[in-house]
Amino acid sequence: LLSCGYLKAEHLDALVLGWLHALRLARPDAVVADYAPSAMIAARIAGLPTASVGMGFWMPPHQHPIPPYRDWEPIEPGRVERADAQVLGNVNSVLRRHGAAPLAQLSHLFGGDMPLMCSWPEIDHYARAEGDMPEWLGPNFLPDAGAVPHWPKGDGPRVFAYLKSGHPDHAAVLNALVAL
């Protein structure tokens, strides 16, 4: 978020003002968004209920600080805490500037009033505990989206696996799938 307008409160306020103007023109009763934190801030200012729809990657668990998105990269000690504090401070500065209640922690920005988690626990980027989400709704892929897979010929089961090649069990999983 720091590289997307959240580095300074004045920059974030400009983003939020754009959303506030759009909301005033559209006059919605609620805001439903798929990873739109600036729109969520504007909706909070406007007093509109919000729902966040999407995969778990964009709805971090309610932890302070929020866990890093790129968990595969080494991070210098304190970097995540500093970034979380800076972004939260700028978000709360904008909220107060417009007379809205501040957020207790940054993770509350992403799920809105009703987080609609469109994923499965088994593929959750953050490996949340079972009770950390209200309900896992499963993926929200559109049936006509993406490319049709080109399966090899044969009558065996079709398996799509998304595996990190650096995982220590990568080869074992592939060999087990081939053996099946």
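Residues numbered from 1 in each chain as written. Predicted model: local features only at pLDDT ≥ 70, side-chain atom pairs only at ≥ 80, totals over all residues. Heavy atoms only, no water.

**Student:** Even after reading the chapter, I still don't get helix α1 (residues 9-26), so can you show me in this structure?
**Tutor:** Each turn of an α-helix holds 3.6 residues, which means side chains three or four residues apart point in the same direction. Taking 1.5 Å per residue as the helical rise, α1 with its 18 residues ought to reach 26 Å, and the 25 Å between its terminal C-alpha atoms agrees with that figure. Within the sequence span of α1, burial applies to A9, L12, D13, V16, L20 and L23. Around the axis of α1, the buried residues are gathered within 95° of arc, so they sit on the same side. Exposed residues pointing more than 90 degrees away from the buried face of α1 are listed as A14, L25 and A26. Looking at the buried residues of α1, the elements they touch are β1 (31-33), α2 (37-46) and α3 (79-97). Of the residues one or two after α1, R27 is the one with positive phi, at around 50°. (Helix = DSSP H or I, 4+ residues; strand = E, 2+ residues; numbered from the N terminus. Expected span 1.5 Å × (residues − 1). Buried < 20%, exposed > 50% of the residue type's maximum accessible area, 1.4 Å probe, protein only. Arc of directions from axis to C-beta. Contact = heavy atoms within 4.5 Å.)

**Student:** How do you make sense of the sheet that holds β1 when you look at a structure like this?
**Tutor:** For sheets, the rule is that strands pair by backbone hydrogen bonds, running either parallel or antiparallel. One open sheet accounts for three strands, arranged β1-β2-β3; its pairing is parallel. Only two strands of the sheet have a single neighbouring strand rather than two, namely β1 and β3 (114-117). Strand after strand, the sheet turns through a mean of 15° between neighbouring axes, direction not considered. Examined bridge by bridge, strand β2 (residues 50-54) and β3 share four bridges and lie parallel to one another. Paired with A51 across the bridge in β3 is M114. Contacting β1 and β2, α2 crosses the sheet at an angle of about 165° to β2. (Pairing = 2+ DSSP bridges. Axes fitted to C-alpha atoms, helices over the stretch in contact; angles between N-to-C directions.)

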